[in-house]
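A look at the structure
Residues per chain, in single letters:
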Amino acid sequence: MVFGLFRLLGYRFCPRLADIGGGRFWRVDPEADYGQLNAIANHQIKMSIIEPHWEDILRLVGSLKMGRIPAEGIMRTLQVGDKATPLALAIAEIGRIEKTIHTLNFIDDESRRRSTLLQLNLGEGRHALARDIFHGKRGELHQRYREGQEDQLSALGIVVNVVVLWNTIYMDAVLTQLRLEGYPVRDEDVARLSPFSHQHINMLGRYSFDVHDAVARGELRPLRPPIENP
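Residues numbered from 1 in each chain as written. Predicted model: local features only at pLDDT ≥ 70, side-chain atom pairs only at ≥ 80, totals over all residues. Heavy atoms only, no water.

1. Section: the overall build of the protein
Definition in use: Only DSSP runs of H or I reaching four residues or more are called helices, and only runs of E reaching two or more are called strands; each is numbered from the N terminus. Per-residue accessibility, obtained with a 1.4 Å probe over protein chains only, is compared with the maximum for each type, and a residue is labelled buried under 20%, exposed over 50%, and partly exposed between these values. Two residues form a contact once any of their heavy atoms are found within 4.5 Å. A 1.4 Å probe and the Shrake-Rupley method give the accessible areas. Residues count as covered only by the protein chains that appear here.
Looking only at helices and strands, the protein features 9 helices and 4 strands. Buried residues in the protein amount to 22% of all 230 residues. Considering only intrachain contacts with a sequence separation of at least 6, the fraction spanning at least 24 residues in the protein is 62%. Accessible surface, the protein as shown: approximately 17,400 Å² in total, 55% of it carbon and sulfur.

What follows is the structure, given as structure tokens:
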């Protein structure tokens, strides 16, 4: 269903496919000749599921695009209890077409696989940082909702953003200094740097939010010299 909604909204859902060997490949036309893919494209899309709900699908997508339907409204439209509605099944059928295309492209295009893995690593890096900041419960709230819980989650997001901003500012300063000193800094290496690294940050103890005069003037701490290998 996610593949279908993304495609209908004009986006492309590009996840990493861990179980690609067991994936299914779907076709619209049972008589079409896909050459060597005929052996695996043996599941047929049921247009009879999509066609009766096409107008409703367009209305739902238009409402999502214009922001006229809240998240709970979407869920009521796509699911009743534990069962998917006919509209949801129609969107899922469209999603099978999109997933087949994505799977074939994912297998065929190495650059796409690398790009997908890069984005996944960035997301996992952000989650790892949040879990370590929220170390007591590993980033999870186990108690029921209570007043002020949104503030707790917002505070976590603010601290994560502070760490990312700190790392970004000092990474840029280090790269600038290395270039000034004549070190070869390659753009492809810079693209792999992550602002989510936090081994150098103490997550425990007391925190002081006093702003030093040098920092207030926009100055940075002196950069540390690189550690030489023994």
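2. Examining the nonpolar core
Nonpolar side chains in soluble globular proteins generally cluster together in the buried interior. Spelled out, the test is: Only buried residues count toward a nonpolar core, which is a set of Ala, Val, Leu, Ile, Met, Phe, Trp, Tyr and Cys residues joined through side-chain atoms within 4.5 Å.
In this structure, I57, L60, L78, L87 and I91 are the most contacted members of the largest nonpolar core, which totals 15 residues. Those elements giving two or more residues to this core turn out to be α3 (54-66), α4 (71-78) and α5 (86-108). In contact with I91, not counting residues within four places along its chain, are M1, G4, L5, L8, I57, L60 and L78. Among the nonpolar cores identified, the runner-up in size contains 10 residues, and L129, I133, F134 and V164 belong to it.

3. Observations regarding the side chain of T116
Among the structural elements, T116 can be located in helix α6 (residues 110-133). What T116 contacts, discounting residues up to four positions off in sequence, is C14, P15, R16 and F106.

4. Some details on the packing of α3 against α5
Counted only if it meets this: To define axes, lines are fitted to C-alpha atoms, for helices over the stretch in contact only, and angles between the resulting N-to-C directions are given on a 0 to 180 degree scale. Here the word oblique covers every angle except those under 35 degrees (roughly parallel), over 145 (roughly antiparallel) and from 65 to 115 (roughly perpendicular). Classes in brief: Ala, Val, Leu, Ile, Met, Phe, Trp, Tyr, Cys and Pro nonpolar; Asp, Glu, Lys and Arg charged; the others, Gly included, polar.
Remark: α3 packs on α5, axes separated minimally by 10 Å, with the N-to-C direction vectors making an angle of 85°. When the axis of α3 is compared with that of α5, the two are roughly perpendicular. For the pair α3 and α5, contact is made by W54, D56, I57 and L60 and by L87, A90, I91 and I94, respectively. The residue inventory of the contact of α3 with α5, partitioned by class, reads 7 nonpolar, no polar and 1 charged.

5. Remarks on α5
So the rule is basically this: To estimate how far a helix should extend, the number of its residues minus one is multiplied by 1.5 Å.
In this model α5 runs 34 Å from its N-terminal to its C-terminal C-alpha over 23 residues, within 8% of the 33 Å that 1.5 Å per residue would give. Considered for burial, the residues of α5 that qualify are L87, A88, A90, I91, E93, I94, G95, E98, T100, H102, T103 and F106.

6. Describing the packing of aromatic side chains
Inclusion rule: Pairing of aromatic rings covers Phe, Tyr and Trp, the last counted by its six-membered ring, and requires centre-to-centre distances within 6.5 Å; plane angles under 30 degrees mean stacked, over 60 mean edge-to-face, and any other angle means tilted.
In this structure the tally under the stated criterion is 3 aromatic pairs. Plain terms: the ring middles of F3 and F13 are 4.9 Å apart, the flat faces sit at 70° to each other, and that makes the pair edge-to-face. Of this pair, F3 sits in helix α1 (residues 2-8) while F13 sits in the loop between α1 and β1 (26-27), placing them 10 residues apart in sequence. Look at F6 and F13: their rings are 5.1 Å apart centre to centre, the planes differ by 40°, and that puts the pair in the tilted class. A relative accessible area of 32% means that F6 is categorised as partly exposed. For F13, a relative accessible area of 26% corresponds to the partly exposed category.

7. Section: the pattern of salt bridges
Oppositely charged side chains can form a pair if their charged atoms are brought close together. We count it as follows: Any carboxyl oxygen of Asp or Glu that lies within 4 Å of a side-chain nitrogen of Lys or Arg is treated as forming a salt bridge with it.
All chains considered together, the criterion is met by 8 salt bridges. Look at the salt bridges and you will find they share partners, linking R7, R12 and E98 into a network.

8. Some thoughts on the environment of D132
Topologically, D132 is positioned in helix α6. Taking the C-alpha atoms as reference, D132 lies 10.0 Å from V160; in sequence the two are 28 residues apart.

9. Some thoughts on the side chain of N167
By the secondary structure assignment, N167 is in helix α7 (residues 149-180). Using a relative accessible area of 6% as the deciding quantity, one classes N167 as buried. Residue contacts for N167: discarding those within four places in its chain leaves P195, F196, S197 and H200.

10. Digging into the environment of I91
Residue position: I91 is located in helix α5. Between the C-alpha atoms of I91 and L5, which are 86 residues apart in sequence, the distance is 6.8 Å.

11. A few points about the packing of α5 against α6
Between α5 and α6, the shortest axis-to-axis distance is 5 Å and the interhelical angle comes to 105°. The orientation of α5 with respect to α6, classified from their angle, is roughly perpendicular. The segment α5 lies against α6, with H102, N105, F106, I107 and D108 engaging E110, R112, R113 and T116. Broken down by class, the residue content of the contact of α5 with α6 amounts to 2 nonpolar, 3 polar and 4 charged.

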